Amino acid sequence: MIFKKQEKLPKRVPRHVAMIMDGNGRWALARGLPRLAGHRAGTENLRQIIESCVEFGIEYLTIYAFSTENWGRPLEEVQGLMRILEDVIDRELPELHKQGVQLRHIGNLDRLRPELRQKVMDAIQLTKDNNRLVLNVAFNYGGRDEIICAIQQIIEKGVRPEEVTEELVSQYLYTVGVPDPDLIIRTSGELRGSNFLIWQGAYAEWYFTPTFWPNFDREELRKAIEEYSQRERRYGKTGSQAASE
Ligand code: FPP
């Protein structure tokens, strides 16, 4: 991949980046536009971010598109976000497939219209063998909901208490088979986790930027990766222990 001259290359690229795409509403408000225009601009922005992830060698990208709490937003916005998901599949799927993107979904599809649910499942099926980038779309996703579902399934299976380990719990999460996120990015200046990947993100590095999501571009992503590559990940150990591993 050709990098621009003088561009500082990130030394260590995270394998899995997750993003809380925040600030669409404020982006729209600042332009006198309806909130949904912000979500549409945010969706457009995804195209260059996906391409940039491929360019930087990121293997997994997880995006928080609709949380279990977002049902509480005005009906028009909820319906608009559902329509956006449908439009993205209709419009972008052939190109994503061509680029080698494997689509996955995390969350609960049960509350979606049956036709939309089927569309998501067909897109997952179509792209399941692609291996350029795994794009996990968190839609009707909540970290607590995910853990509750995992506990219910573990109990249903009759797993004995002493068999419950971190590895076992991970097997019951929506993200089964996906490595934990190395870097979680939140745009728009908010400093919260908002029920996103609360189990998987236990040792993730966080990066916050005041930029609203529709303006978060390739250069912003490069800066986030650059900062990540300078962080020391210790996993509870001392600095010298971590350095010798
Ligand atoms: C948070 O901004 C953003 C969301 C709740 C939705 C994010 C969704 C997209 C970018 C669309 C992509 C969707 C798919 C299906 C790929 P906010 O509305 O809370 O912004 P605010 O804090 O400024 O109000």
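See above for the structure.
Rules used in this analysis
Residues numbered from 1 in each chain as written. Predicted model: local features only at pLDDT ≥ 70, side-chain atom pairs only at ≥ 80, totals over all residues. Heavy atoms only, no water. Buried < 20%, exposed > 50% of the residue type's maximum accessible area, 1.4 Å probe, protein only. Helix = DSSP H or I, 4+ residues; strand = E, 2+ residues; numbered from the N terminus. Pairing = 2+ DSSP bridges. Axes fitted to C-alpha atoms, helices over the stretch in contact; angles between N-to-C directions. Expected span 1.5 Å × (residues − 1). Phe/Tyr/Trp six-rings, centres within 6.5 Å; stacked < 30°, edge-to-face > 60°. Lys NZ or Arg CZ within 6 Å of the ring centre and 35° of its normal.

Engineer: Would you take a moment to explain the pairing of strand 6 (residues 205–208) for this structure?
Structural biologist: Consecutive side chains of a regular strand alternate in pointing toward one face of the sheet and then the other. Going residue by residue along strand 6, you find E205 and Y207 tucked away on one face and W206 and F208 left uncovered on the opposite face. When strand 5 (residues 183–186) meets strand 6, the two strands line up parallel, connected through four bridges. Each bridged residue has a counterpart across the sheet, and for R186 the counterpart in strand 6 is F208.

Engineer: Can you help me understand the sheet that holds strand 4 (residues 133–141) in this one?
Structural biologist: Either a parallel or an antiparallel arrangement is found when strands of a sheet pair, and the pairing is made through backbone hydrogen bonds. The sheet built from six strands is open, its strands ordered 3-4-2-1-5-6 with parallel pairing. Edge strands, defined here as strands with exactly one partner in the open sheet, are strand 3 (101–106) and strand 6. Sheet twist, expressed as the average angle between the axes of neighbouring strands with direction ignored, equals 20°. Judged from the seven bridges that link them, strand 2 (residues 60–67) and strand 4 form a sheet pairing that is parallel. By the bridge assignment, Y60 is partnered in strand 4 with V134.

Engineer: I would appreciate a short explanation of helix 7 (residues 218–230) in the present structure.
Structural biologist: Two residues of an α-helix separated by three or four positions point the same way, owing to the 3.6 residues in each turn. In this model, helix 7 (13 residues) spans 19 Å end to end at C-alpha, consistent with the 18 Å of a helix rising 1.5 Å per residue. Restricting attention to buried positions, one finds in helix 7 the residues R218, E220, L221, R222, A224, I225, E226, Y228 and S229.

Engineer: What is the right way to read the packing of aromatic side chains from this model?
Structural biologist: Any two aromatic rings considered together are summarised by their centre-to-centre distance and by the angle between their planes. Taken as a whole and judged by the stated rule, the model has nine aromatic pairs. Judged by centre distance (6.2 Å) and plane angle (65°), the rings of Y141 and Y174 are edge-to-face. Linking Y141 in strand 4 with Y174 in the loop between helix 6 (166–171) and strand 5, this pair joins segments that are 33 residues apart in sequence. The pair formed by Y141 and Y174 is uniform in burial state, with each residue classed as buried. With a centroid separation of 5.6 Å and 15° between ring planes, the pair formed by W213 and F216 is classed as stacked. Relative accessible area serves as the criterion here: at 1%, W213 is assigned to the buried category. Among the aromatic residues, those joined into a cluster by ring pairs are Y64, Y141, Y174 and F196. Against the face of W71 rests R111, its NZ or CZ located 3.9 Å from the ring centre.

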